[in-house]
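Understanding the architecture of this molecule
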Amino acid sequence: MVSDGQDVAFDNVAVTVVVAIPDIYVSPTSLNFGTVSVGSSVTKYLSVKNEGDGSLNISYSLNNPSLPVVLADNCGGSLSAGASCNISVTYIPTSAGALSGSLYINSNDPDEARVEVILSGNATLNQPDLTGQWTLMIVAPTPDGTQWFVNGNLQVTGLYHNIVNLKNIITS
């Protein structure tokens, strides 16, 4: 009961409290970079949106800091209600093998403080394309100390090593 000195009382006063709550939404929640040659790179993008009515504070981290990815964003660390931003994730493999890891987007969303984005891909060594006509000359010593020679053309088809034809062999 409240009184102002004049016997006036207030009972059953209704009070409405409005609490602004942030709500994070991340899309997509997995990034597959496909097959990438060592020394090359592929960039994919995530969208982060605040679907709540309070300010959303965000940061991000990798589950393994040595993952060969580079992160960049235009988020500024905070999103107002209804705002969105993008995070770029660039995969830059340094050795052949599978990429398997997670990007965590941390926030002050009370029911979803961390969103996990699965990262996957595969790195391969960049193999040269040897398709074409190649001149071949082999010089090898013989058991008696002399040398023998093989000259010819080598026809290669396919990407790496499929030898199809060795022709015009001349020995001397």
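Up top is the structure these notes are about.
Throughout what follows, the structure given in this document is the object of discussion. Starting afresh in each chain, residues are numbered from 1 along the sequence in its written order. Selection of residues for local features in this predicted model requires a pLDDT of at least 70, selection of side-chain atom pairs for listing and counting requires 80 or more, and totals for whole chains, interfaces and linings are taken over all residues. The side-chain figures draw on all heavy atoms in the structure; neither hydrogens nor water molecules are used.

**Description of the overall build of the chain**
A run of H or I in DSSP counts as a helix once it spans at least four residues, and a run of E counts as a strand once it spans at least two, with each numbered from the N terminus. Assigned secondary structure in the chain consists of 0 helices and 12 strands. Walking the chain from its N terminus toward its C terminus, one meets helices and strands in the order β-β-β-β-β-β-β-β-β-β-β-β. The proportion of buried residues among the 172 residues of the chain is 26%. By definition in these notes, contact holds between two residues if any of their heavy atoms fall within 4.5 Å. In the chain, the share of contacts with a sequence separation of at least 24, taken over all contacts with a separation of at least 6, comes to 57%. Only the protein chains shown count as covering a residue, and every accessible area follows the Shrake-Rupley method with a 1.4 Å probe. Surface summary for the chain: the accessible area is close to 11000 Å², and the carbon and sulfur share equals 52%. We call a residue buried when its accessible area falls under 20% of the maximum for its residue type, exposed when it is over 50%, and partly exposed in between, using a 1.4 Å probe and counting protein chains only.

**Some points on the side chain of Ser107**
On the secondary structure map, Ser107 appears in strand β8 (residues 97-107). From its side chain, Ser107 meets the backbone oxygen of Glu112 in a polar contact 3.4 Å long. With residues near it in sequence (within four places) discarded, Ser107 still touches Ile24, Leu56, Asn57, Ile58, Glu112 and Ala113. Pairing of N or O atoms within 3.5 Å defines a polar contact, subject to two protein rules: one partner must be a possible hydrogen donor and the other a possible acceptor, and residues neighboring in sequence count only if both atoms are side-chain atoms.

Keep in mind these numbers describe shape, not what the thing actually does.
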